[in-house]
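# Structural features, examined
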There are 2 protein chains.
Amino acid sequence: MKKAKPTIDDVAALSGVGRTTVSRVLNNGPNVRPEVRMRVLEAVEKLQYKVNAQARFLAGGRSQLLALIHASDLDSEPNSYYYSGLELGALRACAPAGFQLLMHGVNQHSLDRVQKIIDFIASRRCDGVILTPPFSDDADLHQALLRQNIAHVAVSPGDGLRRQMAGVGMDDEVAGYEITRYLLGLGHRRFAFLQGLESHTSAESRYAGYRRALGEAGLSPDAMPTARGNFTFRSGADQSVDLLKGPQRPTALICANDDMATGALFAAHRMGLSLPADLSVVGFDDTPVSEVVWPPLTTIHQPIRQIGARAVEKLIEVLNGVESQEFGFEVVPHRLIVRESATQI
Amino acid sequence: MKKAKPTIDDVAALSGVGRTTVSRVLNNGPNVRPEVRMRVLEAVEKLQYKVNAQARFLAGGRSQLLALIHASDLDSEPNSYYYSGLELGALRACAPAGFQLLMHGVNQHSLDRVQKIIDFIASRRCDGVILTPPFSDDADLHQALLRQNIAHVAVSPGDGLRRQMAGVGMDDEVAGYEITRYLLGLGHRRFAFLQGLESHTSAESRYAGYRRALGEAGLSPDAMPTARGNFTFRSGADQSVDLLKGPQRPTALICANDDMATGALFAAHRMGLSLPADLSVVGFDDTPVSEVVWPPLTTIHQPIRQIGARAVEKLIEVLNGVESQEFGFEVVPHRLIVRESATQI
DNA sequence: CTGAAAGCGCTAACAA
DNA sequence: TTGTTAGCGCTTTCAG
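Now for a description of the structure that goes with this document. (Residues numbered from 1 in each chain as written. Chains lettered and ligands numbered in written order. Predicted model: local features only at pLDDT ≥ 70, side-chain atom pairs only at ≥ 80, totals over all residues. Heavy atoms only, no water.)

Surrounding DNA strand C, one finds 26 residues, the nearest of these being Ile8, Arg19 and Tyr49 of chain A together with Thr21 and Arg24 of chain B. Expressed as a percentage, the sugar and phosphate content of the atoms of DNA strand C within 4 Å of the protein is 56%. Here a base nitrogen of DNA strand C and a side-chain polar atom of Thr20 of chain B are 2.6 Å apart. One of the backbone nitrogen or oxygen atoms of Arg33 of chain B is found 2.9 Å away from a phosphate oxygen of DNA strand C. Contributions of two or more residues to the surface near DNA strand C are made by α2 (19-26) and α4 (53-58) of chain A together with α2 (19-26) of chain B. Take the surface near DNA strand C: its biggest share by element is four residues, from α2 of chain B. Grouping the amino acids of the surface near DNA strand C by side-chain chemistry returns eleven nonpolar, nine polar and six charged. (Near = heavy atom within 4 Å. Polar contact = N/O pair within 3.5 Å; in protein donor to acceptor, adjacent residues only side chain to side chain. Helix = DSSP H or I, 4+ residues; strand = E, 2+ residues; numbered from the N terminus. Nonpolar A, V, L, I, M, F, W, Y, C, P; charged D, E, K, R; others polar.)

Encoded structure:
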């Protein structure tokens, strides 16, 4: 077993050049004779030398570290598909750019969450931060990050913050509008909407789109029942019972995400309804469960991995000073996935 | 907006003490008068000073960075619940110990995967590594890590490596044995088993347990049909058709994980079988889908988050030199979750 | 109890 | 085209 890890000086000594030259070779700098470059590379290979990223950073550069902030609360756990999709996309975009992802779970309800996040980033000297829901809607956090001059990008921020910081996401309002139009086209006139948590404003936009479509069709959104869940299967099952009982049962139920829609399906089965004949149910996201439940869920596909990847790419652009250019919100395309949970009335 | 970030010297100057004293306060060192400590802390607060983790590391200590290696291949994506559960558990165990998690996706089939991983860890100077399947079964990787003297711990390693490195996981063989016994108790005698990828040896152990139970019951495992999938819903649906057609259809199908079991349920429905009357299906893991499919899946619950957390804790123990003590494999408890997809024959 | 000095491994002027 | 010289911000001997 070798002694300590080889340093740049070891490489310099072995290849008989100065330390700076080795540094130049390592960073693909100019002004190095091919022959010398060769010699250095050989020494690197022989010594199994690896640059020390921390030392490199300390000497001036950037840390090449990006932080991904996500909620660590219990009630968001079932959304694992969403978060891991985001992460996978982000990870893939990091690799080619030479960045690394530092994960950080934060309790969204803690009072010192902003300070915690700032401390974390400042201490690790991350070059930038990716905010995921519900942190992408946290105005205080955005302000603090701005004040500290920390580059950041938001995943699916609500309308309020879209013009204030770089962001990526789908157009939830339009998505809500489209799926409602689809249901309207199927002949439905009695709706119910199962909303998510108020703090997730992108989910609120889905509801806004629904209202717009209803209004255009001459229906009154206020006359239709609504309820709120926390995006989980369980809450979908629980909250939809109230929505579905009563004399004037809706013929179509729109849920703010697939997990709740799945729960609604479950509850409807329990109530003895025959699906989709008695009730059409739709969701948003197109998560894996939507394909395996019965009946398979008609939903809006959200390109989660693409969103994660674009978030990283935008953040890197901001880091490189392109910020002035395109500071706005980037819309990634969604699409309606027609399966069998919604049918003509 | 301030100039550059405050350094330890700024704090020292403001509080009128030497740099060393500030360092002592920051690290809770001894030999500092309470009064002086107070003064330093105030300066830290006023300056909004944050230690620079990279500089701290460079000067001597550890990086307090742990790498979590996971597969980035396409065919493992559907297992997002598994990976994100592991990650969440790991993240939670990191926080109290002051460690941070660096995520790293690696293509498990690439030839230079070992080198890639080593380079990554060496360059970032991670203190240790958590290997998740299928990397936890990669003997070459283990050897390389050993050679480089890099601390590591494996999540659910196969029997082959369990005695060679620190590891955490459930007892897959016993789990396979138990669920088979359960089915046997229900009266089943004609079985089929849908295995996972050969490279995931912990999944292979589930099959081994199944064989043991069958053998003890006087049945010949070799007489029962088997097939292989890649852990996805799709492969479960595809592979189970062959298993289920033919004159002597099995009455019980055991799948190496829940996603495949869900696929099998789907295929069985398609074949017009009435479940669970015509066929009992069981899986492993107790992922969220297992609750929402029809019929709800009887399965083995695997405490994924706990495994992730224990992996980190063990790794930290190894880092602290407790390695000699408990170098072995730690078993976390599993349990049979009886739902409705398996029934008396 | 406290501080001065010596690095940790690297990059970036500045000379040569 | 190359090497010399300073630091980057921190921990750590080792003297006071």
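This part takes up the pattern of salt bridges. Residues and elements named next belong to chain B. This model, assessed by the stated rule, comprises 34 salt bridges over all chains. With a shortest N-O distance of 3.1 Å, Arg228 and Glu204 are connected by a salt bridge. Highlighted residues: Arg228 in strand β7 (residues 226-228) and Glu204 in helix α10 (residues 201-216), separated in sequence by 24 residues. With a relative accessible area of 32%, Arg228 lands in the partly exposed category. With a shortest N-O distance of 2.6 Å, Asp286 and Arg339 are connected by a salt bridge. (Salt bridge = Lys/Arg side-chain N within 4 Å of Asp/Glu carboxyl O. Buried < 20%, exposed > 50% of the residue type's maximum accessible area, 1.4 Å probe, protein only.)

This part takes up the relation of the copies chain B and chain A. Least-squares fitting of chain B to chain A yields an RMSD of 0.1 Å, with the transformation described by 0.0 Å of translation along the axis and a rotation of 180°. This pairing of chains is accounted for by a two-fold axis. Interface overlap between copies: 100% of the residues of chain B at the interface are likewise at the interface in chain A, consistent with a symmetric, same-surface contact. (Least-squares fit on C-alpha atoms with pLDDT ≥ 70 in both. Contact = heavy atoms within 4.5 Å.)

Moving on: the interface of chain B and chain A. Facing 53 residues of chain B, the contacting portion of chain A comprises 53 residues. Carbon and sulfur atoms make up 54% of the area that chain B and chain A hide from each other, which totals about 4,700 Å². In terms of surface lost to chain A, no three residues of chain B exceed Gln54, Arg124 and Arg125 of chain B, which account for 15% of the buried area on that side. If you look at where chain B meets chain A, you find four salt bridges. We note a salt bridge from Asp119 of chain B to Lys50 of chain A, for which the minimum N-O separation is 3.6 Å. One can count 15 residue pairs in polar contact (both at pLDDT 80 or more) joining chain B with chain A. The element contributing the most residues to the side of chain B that touches chain A is helix α5 (residues 80-97) of chain B, with seven residues. Taken together, the residues of the side of chain B that touches chain A break down into 21 nonpolar, 18 polar and 14 charged. Here strand β2 (residues 100-106) of chain A pairs with strand β2 (residues 100-106) of chain B via three bridges, running antiparallel. (Buried area = accessible area lost by both parts, 1.4 Å probe. Pairing = 2+ DSSP bridges.)

This part takes up the state of the cysteines. Disulfides are covalent bonds that connect the sulfur atoms of two cysteines. If you walk through the whole model with that rule in mind, you get zero disulfides over all chains. Distance from the sulfur of Cys94 of chain B, which forms no disulfide, to the nearest cysteine sulfur (Cys126 of chain B) is 11 Å. (Disulfide = S-S within 2.5 Å.)

Moving on, we get to helix α1 (residues 8-15) of chain B. All names here are of chain B. Along α1, the residues classified as buried are Val11, Ala12 and Ser15. The buried residues of α1 occupy one face: seen down the axis, they fall within an arc of 100°. Check the buried side of α1 and you find it contacts α2 and α3 (34-47). (Arc of directions from axis to C-beta.)

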